[in-house]
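Commentary on secondary and tertiary structure
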Amino acid sequence: MNLMRQLRHYWSDKIVNYCVRILIALLGIVIPCWYYHYSTEITPLILGIIAAALAETDDNFMGRIRALILTFICFAIASFSIEILFPYPPLFAIGLFISSFGFIMLGAVGPRYASIAFGSLLIAIYTMLGHHLDESIWFQPTLLLIGAAWYSLITMIWQIFWPMQPVQQGLANVFEELADYLEGKSELFHPIVGLTPQPYRLLEAKLNSSTVMALNNAKSTLLNRSKRGHVDGPSDRYLQLYFLAQDIHERISSTHYRYQDLAEHFSRTDVLFRFKHLMLAQAKACRAISEALESGTQYQYDGDSILALDELQSSMQYLKDQQKPEWKLPLAQLFYLFNNLVTVEKQLSNVSNPDASKFTPENTSDEVNDYSLHDTTAHTPKVMWQRIQNNLNKDSILFRHALRMSIVLTIGYGIIQAFDLERGYWIMLTSLFVCQPNFSATRHKLTGRVVGTIVGLLVGGALLTLFPSQESQLVFLVISGTLFFAFRMHNYGSATAFITLLVLFCFNQLGEGYAVILPRLADTIIGCGLAVFAVRYILPDWEAKKLHRVMSEAIQANKNYLGQIISQYRIGKRDDVNYRLARRNAHNMDATLSTTISNMLAEPKKYKKAIDESFRFLTLNHAMLSYISALGAHRKRIDDAETHLLILEAHKGIHENLERLEQQLLLQNGDITPESLSSDLDKRIGEWREGDDESVRLILQQLYLIYRMLPELYSLANKFSVRTTIVNPDDNTKKPA
């Protein structure tokens, strides 16, 4: 039984599953070619498999059929155009530039088209690499397409037998990230006097970013199996789990009080340790849910957290019975937090319910629940063309990347022609993989590419000497090809080493194994140099120059999220599309801000701006999002007109200040001083939060916490404006960023 459970666990693993498909595809080519002595045909067939696998995206059955048709059309155009134009270098260079730009701009339509475009450029360069194998224009394209078709057939069969596997794996990843988030958040409940929350907040922002990415990926898999955002059939149960995970995420990302104040008040009690223990128990439950989803088994709720909840409640009641005046306010916040975690526990217990219809979000409004997803997919040619048009400007990151890549590939081809490099097309291949839309990603790829290539060539040269027989080399070819895809997403250096091994073994089938070692190394260095040159000097995207816009958009997203929450205090709690979209945008922008700052740190020193201010702004923005999330987690209808009016007035003041802050960050056309904040509003919110109305106290308290952040946010915005109004490193003109 344990062996079967272990085998099922490995089989359900996303990477293992992926590698099995690759292994079957490679064996399906290598074994027949070896048996019938088709040594020349092995290389293009395997390269076709690699291109198809890199262009693959998740979809439903009919969606895959449509994607494959487009993929083969693009692959055929790319490959045959290379064969036709190859004897005419000037026309070839022009065609290379135009097609590279066009294929990359195709990515504006959506991620699926971006993958197909990358695969098409890859198949074009693979055609160049094998052009010398045969004079016929049909030989290379046909074999490359056969290899791609063989892999595509395997994926279609996989889709028939395991249609929901990507959805299960996506949701499993969500609960795994939620577990990491809970564990990271629990560290804030370590009662240290003088606690400095910023390092924990930065870690929390990073964990939140990973969770948001997992939620977005899970949503994509569900959308791929929906009808314009409406999910039904086998996907319905997983949709309810997705909504449940969203609700849990909102609750665990919430903050009910300043952690340093809680640590100061309860540093000599065990209550915060009990909160930490409860969150760790719930993290363990999330991991169990993740494992059950991935393996396709039924999750069994064990209720281990119930005892932790009971003990925590008893501890809090004991503190309440002490009736210490200084504990009154912070203890009330602990009870809000406790109720929040009780709801999380209920949600976790619902996962074990086999009846999908019972996974219904709480609804206190007069409207029925809305189970549709916000679908941003371009479904018509008109919308597709409109998206491409919208990106045809120098402010578009995609446009800059397309132009950059087109120039790099054309320069690479020019170098090949100028120095008559027989195998120089690896220069273009390296540039294609290494050159990324920003400097940080390019730098990461660069290091992995160079180190991986050197290791792969050293190991490959030794293996060619130790194992000279064709059979042993074909075995290594299959192993290295499989391991390339195993490491591709998580360890690019190792993946490069394995793909280098595969290339050596492929070319050794043509009697050129040792002959390609030095050219491969030289071409890799040249290709990496071109990639760095392009990303640094051809319409560069320095993160510091757009950081103020990202900050402005983050504030705007938080403002809209807060507005959606406040409106539901009038109509009642309802997770409709507009609310979920506002919540997702707020978390997405928080993640984008974190990524932008991280990318800036990897850039050259002269392009780094206001680093300390940027991290502090990220901390405050994430704290604001956490305070807003607490409001979202405790939404309810407020029927008392007078109370509702007070909340609206408080929200209006915050909304106006957030709008001013948003504009200040975006335009940077003047200082906003803390004195411009309304002292009257500050006083009234402070009085309200001392009120006796329990139903409104939490709302006013969270609004007050947000309001207290505004002066420092204004100060940071002003400092950021001053720091970025410097000499532009690219010219001698002083101007604001």
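Keep in mind the model is a prediction, meaning the values are calculated, not measured.

A few words on the UniProt feature "transmembrane region" (unreviewed entry) in the protein. What UniProt calls "transmembrane region" (unreviewed entry) maps, in this numbering, to residues 15-32, 67-86, 92-109, 139-161, 402-419, 425-441, 448-467 and 521-539. Along residues 67-86 the backbone is 95% helical and 0% strand, and the end-to-end C-alpha distance reaches 28 Å.

It is worth spelling out the packing of aromatic side chains at this point. Within this structure, the stated rule accounts for 24 aromatic pairs. Between Y36 and Y38 the ring centres are 6.1 Å apart and the planes differ by 25°, which places this aromatic pair in the stacked class. Residue classification places Y36 among the exposed residues on the basis of a relative accessible area of 51%. Its relative accessible area of 43% is what places Y38 among the partly exposed residues. Note on F487 and F498: the rings are 5.6 Å apart at their centroids and 25° apart in plane angle, and the pair reads as stacked.

In this structure, I46, I50, Y126, M128, M428 and L477 are the most contacted members of the largest nonpolar core, which totals 89 residues. Of the residues forming this core, the biggest block, 11 residues, is contributed by helix 3 (residues 39-55). Two domains each put at least three residues into this core: domain 1 (1-162) and domain 3 (399-541). Ignoring anything within four residues of it in the chain, the contact list for I46 reads L26, I29, V30, L477, L502 and C506. Grouped together as the second largest cluster of nonpolar side chains are 60 residues, V167, L178, A308 and L373 included.

With that out of the way, let us pick up the pattern of salt bridges. Applying the stated criterion across every chain yields a total of 23 salt bridges. Of the charged contacts, one joins R287 and E183 as a salt bridge, the two residues approaching to 2.9 Å between their closest N and O atoms. Of this pair, R287 sits in helix 12 (residues 271-295) while E183 sits in helix 8 (residues 165-186), and the two are 104 residues apart along the sequence. Residue E183 is classed as partly exposed on the basis of its relative accessible area, which comes to 31%. Taken together, the shared-partner salt bridges in this structure form one network comprising E176, D180, E183 and R287.

Before going further, it helps to examine a nonpolar patch on the surface. On the surface, a nonpolar cluster with roughly 800 Å² of combined accessible area is contributed by W11, F61, M62, L153, I157, I160, F161 and W162. Of all the secondary structure elements, the ones that give two or more residues to the nonpolar patch are helix 4 (61-85) and helix 7 (139-161). Among the elements that take part in the nonpolar patch, helix 7 stands out by supplying four residues, more than any other.

Between its first and last C-alpha, helix 3 extends 26 Å over 17 residues, near the 24 Å set by a 1.5 Å rise per residue. For helix 3, the buried fraction is high: 14 of the 17 residues fall into the buried class.

Interhelical geometry of helix 4 versus helix 5 (residues 89-105) gives an angle of 165° and a closest axis separation of 9 Å. In terms of their interaxial angle, helix 4 and helix 5 are classed as roughly antiparallel. Note that helix 4 runs across helix 5; the crossing there is left-handed. Contacts from C74, A78, I82 and L85 of helix 4 reach helix 5 at P89, L91, F92 and F103. A per-class count over the contact of helix 4 with helix 5 returns eight nonpolar, no polar and no charged.

Bring the parts together and some accessible area is lost; that lost area is often taken as the interface size. Examined at the domain level, the protein breaks down into domain 1 (1-162), domain 2 (164-356), domain 3 (399-541) and domain 4 (543-725). Using C-alpha coordinates to define each centre, domain 1 is positioned 17 Å away from domain 3. Taken residue by residue, the interface counts 36 residues in domain 1 and 36 residues in domain 3. Across the domain 1/domain 3 interface, buried area totals approximately 3500 Å², and carbon plus sulfur atoms make up 82% of it. At the surface where domain 1 touches domain 3, the tally comes to zero salt bridges. Our count for the contact surface shared by domain 1 and domain 3 stands at five residue pairs in polar contact (both at pLDDT 80 or more).

Turning next to unusual backbone geometry. Trans peptide bonds make up the majority, and among non-glycine residues the majority have a negative phi. Of note, the phi angle at D420 is positive, near 50°, even though the residue is not glycine. The residue D420 is located in the loop between helix 16 (397-419) and helix 17 (425-434) in this model. With a phi angle near 45°, L539 is a residue other than glycine that sits in the positive phi range. Given the relative accessible area of 30%, L539 is considered partly exposed.

This part is about the packing of helix 22 (residues 543-571) against helix 23 (residues 577-601). Pairs of packed helices are described in terms of their axes, by the angle between the two and the distance that separates them. Two numbers describe how helix 22 lies on helix 23: the axes approach to 8 Å, and their chain directions differ by 155°. For the element pair helix 22 / helix 23, the angle class is roughly antiparallel. Handedness of the helix 22/helix 23 crossing: left-handed. Among the residues forming the contact of helix 22 with helix 23, the class breakdown is 15 nonpolar, nine polar and three charged.

Another aspect to go through is the state of the cysteines. Within this structure, the stated rule accounts for zero disulfides. With no disulfide of its own, C435 lies closest to C528 among cysteine sulfurs, the gap being 11 Å. Look at C435 and you get buried, because its relative accessible area is 2%.

Within the secondary structure, A51 is located in helix 3. Residue classification places A51 among the buried residues on the basis of a relative accessible area of 0%. Here A51 is in contact with F75, G119, L122, I123 and Y126, once residues within four sequence places are set aside.

Procedures and definitions
Residues numbered from 1 in each chain as written. Predicted model: local features only at pLDDT ≥ 70, side-chain atom pairs only at ≥ 80, totals over all residues. Heavy atoms only, no water. UniProt positions renumbered as here; feature names shortened; annotations may be inferred. Helix = DSSP H or I, 4+ residues; strand = E, 2+ residues; numbered from the N terminus. Phe/Tyr/Trp six-rings, centres within 6.5 Å; stacked < 30°, edge-to-face > 60°. Buried < 20%, exposed > 50% of the residue type's maximum accessible area, 1.4 Å probe, protein only. Core = buried A, V, L, I, M, F, W, Y, C linked by side-chain atoms within 4.5 Å. Domains from an automatic or database assignment. Contact = heavy atoms within 4.5 Å. Salt bridge = Lys/Arg side-chain N within 4 Å of Asp/Glu carboxyl O. Patch = residues over 30% accessible without salt bridge, like charges linked within 9 Å, V, L, I, M, F, W, Y side chains within 5 Å. Areas by Shrake-Rupley, 256 points an atom, 1.4 Å probe, with all protein chains shown as cover. Expected span 1.5 Å × (residues − 1). Axes fitted to C-alpha atoms, helices over the stretch in contact; angles between N-to-C directions. Parallel < 35°, antiparallel > 145°, perpendicular 65-115°, else oblique. Left-handed = near helix turned anticlockwise from the far one by under 90°. Nonpolar A, V, L, I, M, F, W, Y, C, P; charged D, E, K, R; others polar. Buried area = accessible area lost by both parts, 1.4 Å probe. Polar contact = N/O pair within 3.5 Å; in protein donor to acceptor, adjacent residues only side chain to side chain. Disulfide = S-S within 2.5 Å.

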